[in-house]
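Remarks on the overall topology
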Amino acid sequence: MPDNTLEIDAISKRYGDVVALDAVTFDVRPGELFGFVGSNGAGKTTTMRIALGVLAADSGEVRFDGHPITHETRTHIGYMPEERGLYPKMKVLDQLVYLAELHGLSANQAHKSAEDWITRLGLAERRGDPVEKLSLGNQQRVQLAAALVHDPAVLVLDEPFSGLDPIAVDVMSEVLREKAATGVPVVFSSHQLDLVERLCDRVGIIRSGRMVACGTVAELTADAGVQLVVSAPHAPEGWARSLPGVRVLSERPGSTIVELDPSADDQAVLAAALSTGPVNEFSRRRPTLTELFRTAVTDKPGGTR
């Protein structure tokens, strides 16, 4: 593995008869944004807590830069939990300085870094406010600042975009891209799959404690059936449903998206559409991450969060 790769190697975890994780394996490479997605209860948070050393795995190993995670390594990880991990009555600036010093920065370094991130994340006017007085979106910004204030070598973020407005999403996305551009491995979980698809270099999908897919979106959809977008303004509702080897994915007036079996003929679909009148669009389409995710998690749910 390259230097500064975060490796999750066959980690398993049980709670009595419940299998929370079953040999979960993936890696996050230097400079990579890795999206970790799954349904509620699939095992995302459990995996992240084991990576941080908050939980112990029953088996398997977490490594960074080729070495097992130690207490020293953890001081160089920036972690953003899904639940608020802040002191609610402590002021924003004081809290960030305190957390930076806990990670080994000097008082001067901690103050400078805290002020830099407060400014960068649009919190300058709230630096003296207790966290509990902030909106949920601003609390989320402070939580991100807390993960970044000690200049971590790895970022592990659990639902970092939860509760953010579109402007804050753009700010956080830019920050994560900037950190990755410096060579930092960044892994984050999110239910906002369109955002994951747009931001991430690779994606891992976990279901019931097991990894069911891992790769770029293009790699993960390479084996999907051919999808066609057909715009036929005069076509009646359901015109494509009886075509052999064709599955209708979505249908609205004048536009239909279908998926073809390997044996299906796209020209037969075009001919059927033309038989209803003019066709304004007939094009191939790559499945979205949301569609891929739905396919990957259609089996029975389970596991723990």
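Rules used in this analysis
- Residues numbered from 1 in each chain as written.
- Predicted model: local features only at pLDDT ≥ 70, side-chain atom pairs only at ≥ 80, totals over all residues.
- Heavy atoms only, no water.
- Core = buried A, V, L, I, M, F, W, Y, C linked by side-chain atoms within 4.5 Å.
- Buried < 20%, exposed > 50% of the residue type's maximum accessible area, 1.4 Å probe, protein only.
- Helix = DSSP H or I, 4+ residues; strand = E, 2+ residues; numbered from the N terminus.
- Contact = heavy atoms within 4.5 Å.
- Salt bridge = Lys/Arg side-chain N within 4 Å of Asp/Glu carboxyl O.
- pLDDT = per-residue confidence, 0-100.
- Patch = residues over 30% accessible without salt bridge, like charges linked within 9 Å, V, L, I, M, F, W, Y side chains within 5 Å.
- Areas by Shrake-Rupley, 256 points an atom, 1.4 Å probe, with all protein chains shown as cover.

**What to know about the nonpolar core**
The biggest cluster of nonpolar side chains holds 55 residues, and the ones touching the most others in it are Leu96, Phe161, Leu176, Phe188, Val203 and Ile205. Ranked by residues supplied to this core, first place goes to helix α6 (residues 166-181) with seven residues. The contact partners of Val203, leaving out residues within four places of it in the chain, are Phe34, Gly35, Val37, Val196, Ala213, Cys214, Gly215, Val217, Leu220 and Leu289. In this structure, Ile11, Leu21, Ala42 and Val187 belong to the second largest nonpolar core, which totals 22 residues.

**Re the pattern of salt bridges**
Here the structure, examined in full by the defined rule, presents 21 salt bridges. In this structure, Glu32 engages Arg202 in a salt bridge whose closest nitrogen and oxygen atoms are separated by 2.6 Å. One end of the pair, Glu32, is in the loop between β2 (18-28) and β3 (33-37); the other, Arg202, is in strand β9 (residues 202-207), and 170 residues separate them in sequence. On the accessibility criterion, Glu32 (6% relative accessible area) is buried. When the shortest N-O distance is used, the salt bridge between Arg241 and Glu251 registers 2.8 Å. Placement of Arg241 in the loop between β11 (226-231) and β12 (246-252) and of Glu251 in strand β12 is noted, with a sequence separation of 10 residues between them. A network of salt bridges, in which partner residues are shared, links Glu7, Asp9, Glu61 and Arg63.

**Notes on the confidence of the model for the protein**
Chain-level pLDDT for the protein is 90 on average; 96% of the residues reach the 70-or-more range. The model gives residues 300-305 a pLDDT under 50, and that stretch makes 23 contacts with residues more than four places away or in other chains.

**Quick notes on a nonpolar patch on the surface**
Taken together, the side chains of Tyr87, Tyr98 and Leu102 define a hydrophobic patch exposed on the protein surface, amounting to about 310 Å² of accessible area. Inspection of the secondary structure puts Tyr87 in the loop between β6 (77-80) and α3 (92-102).

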